Amino acid sequence: MLHFYAVNEAGASHRDAGLPCQDAFCALRLAAGPLVACVADGLGSARLSQVGSAVASHSCAHAVARELADDAVPARWRPAIERAFASAEQAVLAAAAERCVDPGELDTTLCCAVFDGSSAAWGNAGDSGALCALEDGTYVPLTAQDRDDEGRVYPLCFDDRWTFGGQGRAASVLLATDGVLECLAPPALAAQGLDPIDTRIARMFLHPQPGDGERLPEVEREASAYFADYPRSLLDDDMTLVALFDDERAPGEREAGYCDGPDWEQVRARAIAALYR
Amino acid sequence: MARFEERPRIEAMNREHMSVVLAVDTSGSVAGEPLRQINANLNRFKECVCEDPVAASCVDVCVIAFDDEPRVIQDWVPVSQMQPIELTSGGLTDLNGAVLLAVEKLRERSREYAANGVLEKKPYLIVMTDGQDNVTGAVSEAAALVTRRTNEGKLKLFFLGYGAYDRTAAAQLTEANGRWCFQVRDGCFDFHDFFDFVGNSVKAVSVSAPGERVSVPTNINSDISNVQTVDLDSWLSD
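Per an unreviewed UniProt entry, chain B carries the name VWA domain-containing protein and comes from Kribbibacterium absianum.

Within an unreviewed UniProt entry, the label attached to chain A reads Protein phosphatase 2C domain-containing protein, and the organism entered is Kribbibacterium absianum.

Next up, the structure:
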């Protein structure tokens, strides 16, 4: 059976300052069976970014749900997500107009996925993203973070930069905003030509444990506590993650050592050497 | 066994870095006390930022001196490894060229961060001058670039003028900031409060969380400080 759990918490500094979490998510079970999930991250400098992320994630998920209400055919998922992104963009613009503010005040990223236990389709705008565990236990990124050559994010309003795709042989899917995503898939790994995913950390969320489906509230609490306790030097951003899985079809197991993760001392040494030649 | 138990094995791999360029006028007119103060305060800037070990590990600094032409005195290093500065003066003032070079150095650093998967906070550009551009004759090219990049959220400019600095040029360069700058009271070359403010700002911002508003205590604009902020629009309208 398909299940999902989610983490959605303000980052430590936002909590200390009494600021709201600027991330949002929406996860639904479609009438035909698959799950649809969206995560969105309001830009830190935007006054109403928490509104933008909520509007984008909810409108996108519900638009997908309406379009796929009676049909579980994977071939329809990607076009539905593409249209849902357009709906989400319009919803954000409308929300800005209602508030008589510049649309930039509600700038947000958006990542969406549909998953039925064996196939996935996805759409992405900005630097949130999605990862997938394949049936054989291999972890792959579904999306790429969209930033310019100086690391600045392209949010939802850059509609010519949206990306979409599909993935077969998918055993689990995870969506996350950039703070959490970069704990699971630190950019430095891809930059050095390594496996882009820290398999040791990501395994906890991509490989469901027996019984997870029966204790989802506890799993959510434990996942939230895990990130709340994450070293602040590595994660001080708002934290959002949605994990989609089928407790009857767990990912397989790769060879010994696959989930050991990278040699971080080597990774850091190479990054420092490259920056300070 | 806890459901989620794997801990990260390394601190600060993903910590955001922050690049800071200091562009300093070393033309003939800053000889003597102004340059002595600049040298002393550049070295204090390092000490100030390094008071916070986290800031010391994530702030990168580049120092540019400009007179007849701009030149890189200290290329990108962690602030903790900034070499002692001992600038000398002479020649004209290529302010336009200095700002263009400074912005290019910041862009270069941003590309290097992105290429290495290192996240970045908004870079700072700090410009100090006592004169006007008497090489190019105008700062319009540099001003247009700084304005665009400031509006794009890709840099923050601190402009300090002293002596008979060109207020029109300062207004052009600070267009995106609302056309105001820092200024030292006439005849005084103690830049202590300015460098304190800049150093503490870098320190506070470099360790701040995404979206966090930071506040830095300062004596600037108080009776005990020789540094003040100047509304250049008001000056231009007088």
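Read on for the rest.
Attention shifts here to the overall build of chain B. Regarding its fold elements, chain B presents 7 helices and 7 strands. In chain B, the order of α-helices and β-strands from amino to carboxyl end is β-α-α-β-β-α-β-α-β-α-β-α-β-α. For 238 residues, the compact-globule estimate of 2.2 N^0.38 gives 18 Å, and chain B sits close to it at 18 Å. Its C-alpha atoms give chain B principal-axis dimensions of about 70 × 35 × 35 Å. A burial count over chain B gives 54% of its 238 residues as buried. Considering only contacts in chain B between residues 6 or more positions apart, those separated by 24 or more positions represent 77%. Across chain B, the 23 positively charged side chains and the 35 negatively charged ones have centroids separated by 8 Å.

This brings us to the overall build of chain A. The helix and strand tally for chain A stands at 8 helices and 10 strands. The C-alpha atoms of chain A give a radius of gyration of 18 Å, which matches the 19 Å a tight globule of 277 residues would have. Overall, the C-alpha framework of chain A stretches about 55 × 50 × 35 Å when taken along its three principal axes. For chain A, buried positions account for 58% of its 277 residues. Taking all contacts inside chain A whose residues are at least 6 apart in sequence as the whole, residues at least 24 apart take part in 75%. Working note: accessible area of chain A is about 10500 Å², and carbon and sulfur atoms make up 51% of it. Counting 22 positive and 44 negative side-chain charges, chain A places the averaged centre of each group 1 Å from the other.

Below, the discussion takes up the nonpolar core. Soluble, globular proteins show a tendency: their nonpolar side chains are buried together. Residue and element names in this part refer to chain B. If you look at the biggest cluster of nonpolar residues, it comprises 37 residues, and the most contacted ones within it are Val20, Leu22, Phe45, Val59, Phe194 and Val202. Contributing elements (two or more residues each) for this core: strand S1 (18–25), helix H1 (33–50), strand S2 (59–66), strand S4 (124–129), strand S5 (156–161), strand S6 (180–184) and helix H6 (192–206). Tallying contributions element by element places H6 first for this core, with 6 residues. Residues contacting Phe45, with those up to four places away along its chain left out, are Val20, Leu22, Val61, Val79, Met82, Phe195, Val198, Gly199 and Val202.

Take the sheet that holds strand S8 (residues 163–168) of chain A next. All names here are of chain A. Strand order in the open sheet made by the 5 strands is S2-S3-S4-S5-S8, with antiparallel pairing throughout. On the outer flanks of this sheet lie strand S2 (23–29) and S8, each paired with one strand and no other. The mean inter-strand angle of the sheet, taken between neighbouring strand axes irrespective of direction, is 10°. One ladder, built from 5 bridges, connects strand S3 (residues 35–41) with strand S4 (residues 110–115); its direction is antiparallel. Looking at S4, one finds that Cys38 is bridged to Cys112. Packed on one face of the sheet, helix H2 (residues 49–67) meets S2, S3 and S4 and runs near 15° to S2. Against the sheet, helix H3 (residues 77–98) engages S4, strand S5 (119–125) and S8, with an angle of about 25° to S5.

Moving on, we get to unusual backbone geometry. For residues that are not glycine, phi is negative in most cases, and the peptide bond is trans in most cases. Residues and elements named next belong to chain A. Its identity is not glycine, yet Arg169 carries a phi of approximately 55°, on the positive side. Here Arg169 shows up in the loop between S8 and strand S9 (170–176). We classify Arg169 as partly exposed; its relative accessible area is 46%.

Given two aromatic rings, one states the distance between the centres and the angle between the planes to describe the pair. Overall, the coordinates contain 23 aromatic pairs over all chains when judged by the stated rule. Between A:Tyr226 and A:Phe227 the ring centres are 5.2 Å apart and the planes differ by 80°, which places this aromatic pair in the edge-to-face class. Note on A:Phe227: relative accessible area 2%, which makes it buried. Taking 5.3 Å as the distance between ring centres and 65° as the angle between the ring planes, the aromatic pair formed by B:Trp180 and B:Phe182 counts as edge-to-face. Exposure remark for B:Trp180: the relative accessible area of 36% places this residue in the partly exposed category. Residue class for B:Phe182 comes out buried when judged on its relative accessible area of 4%. Counting every residue linked through ring pairs, the aromatic cluster contains A:Tyr5, A:Phe205, A:Tyr226, A:Phe227, A:Tyr230, A:Phe245 and B:Phe4. The ring of A:Tyr154 has A:Arg161 lying over it, and the distance from NZ or CZ to the ring centre is 3.8 Å. Sitting above the plane of the A:Tyr258 ring, A:Arg254 keeps its charged end 4.2 Å from the centroid.

For the rest of this paragraph, the subject is the sheet that holds strand S3 (residues 70–78) of chain B. Residues and elements named next belong to chain B. The strand order S3-S2-S1-S4-S5-S6-S7 describes an open sheet built from 7 strands, whose pairing is mixed. Because the sheet does not close on itself, it has two edges, and the strands there are S3 and strand S7 (227–231). For this sheet the average axis-to-axis angle between neighbouring strands, irrespective of direction, equals 20°. Sheet topology note: the S2/S3 ladder contains 6 bridges and is antiparallel. Each residue of the ladder has a partner; that of Phe66, found in S3, is Pro70. Packing against the sheet, H1 makes contact with S1, S2 and S4, and its axis sits at approximately 170° to S1. This element, H6, spans S1, S2, S4, S5, S6 and S7 of the sheet and lies at about 175° to S4.

All names here are of chain B. Note that Glu175 resides in the loop between helix H5 (167–173) and S6. With relative accessibility at 40%, the residue Glu175 sits in the partly exposed group. In this structure, the C-alpha to C-alpha distance between Glu175 and Asn116, residues 59 residues apart in sequence, is 33 Å.

Another point: the interface of chain B and chain A. Counting residues at the interface gives 38 residues for chain B and 48 residues for chain A. Around 3800 Å² of area is buried between chain B and chain A when both sides are counted, 55% of it from carbon and sulfur atoms. A salt bridge links A:Arg200 to B:Glu6; the nearest nitrogen and oxygen atoms lie 2.7 Å apart. There are 12 residue pairs in polar contact (both at pLDDT 80 or more) connecting chain B and chain A. Of all the elements in the fold, those that place two or more residues in the side of chain B that touches chain A are S3 and helix H3 (95–115) of chain B. No other element matches H3(B), which puts 8 residues into the side of chain B that touches chain A. Residues belonging to the side of chain B that touches chain A are distributed by class as follows: 16 nonpolar, 6 polar and 16 charged.

What counts as what
- Residues numbered from 1 in each chain as written.
- Chains lettered and ligands numbered in written order.
- Predicted model: local features only at pLDDT ≥ 70, side-chain atom pairs only at ≥ 80, totals over all residues.
- Heavy atoms only, no water.
- Helix = DSSP H or I, 4+ residues; strand = E, 2+ residues; numbered from the N terminus.
- Rg over C-alpha atoms; globule rule 2.2 N^0.38 Å.
- Buried < 20%, exposed > 50% of the residue type's maximum accessible area, 1.4 Å probe, protein only.
- Contact = heavy atoms within 4.5 Å.
- Lys, Arg positive; Asp, Glu negative; His and termini not counted.
- Charge placed at Lys NZ, Arg CZ, Asp CG, Glu CD.
- Areas by Shrake-Rupley, 256 points an atom, 1.4 Å probe, with all protein chains shown as cover.
- Core = buried A, V, L, I, M, F, W, Y, C linked by side-chain atoms within 4.5 Å.
- Pairing = 2+ DSSP bridges.
- Axes fitted to C-alpha atoms, helices over the stretch in contact; angles between N-to-C directions.
- Phe/Tyr/Trp six-rings, centres within 6.5 Å; stacked < 30°, edge-to-face > 60°.
- Lys NZ or Arg CZ within 6 Å of the ring centre and 35° of its normal.
- Buried area = accessible area lost by both parts, 1.4 Å probe.
- Salt bridge = Lys/Arg side-chain N within 4 Å of Asp/Glu carboxyl O.
- Polar contact = N/O pair within 3.5 Å; in protein donor to acceptor, adjacent residues only side chain to side chain.
- Nonpolar A, V, L, I, M, F, W, Y, C, P; charged D, E, K, R; others polar.

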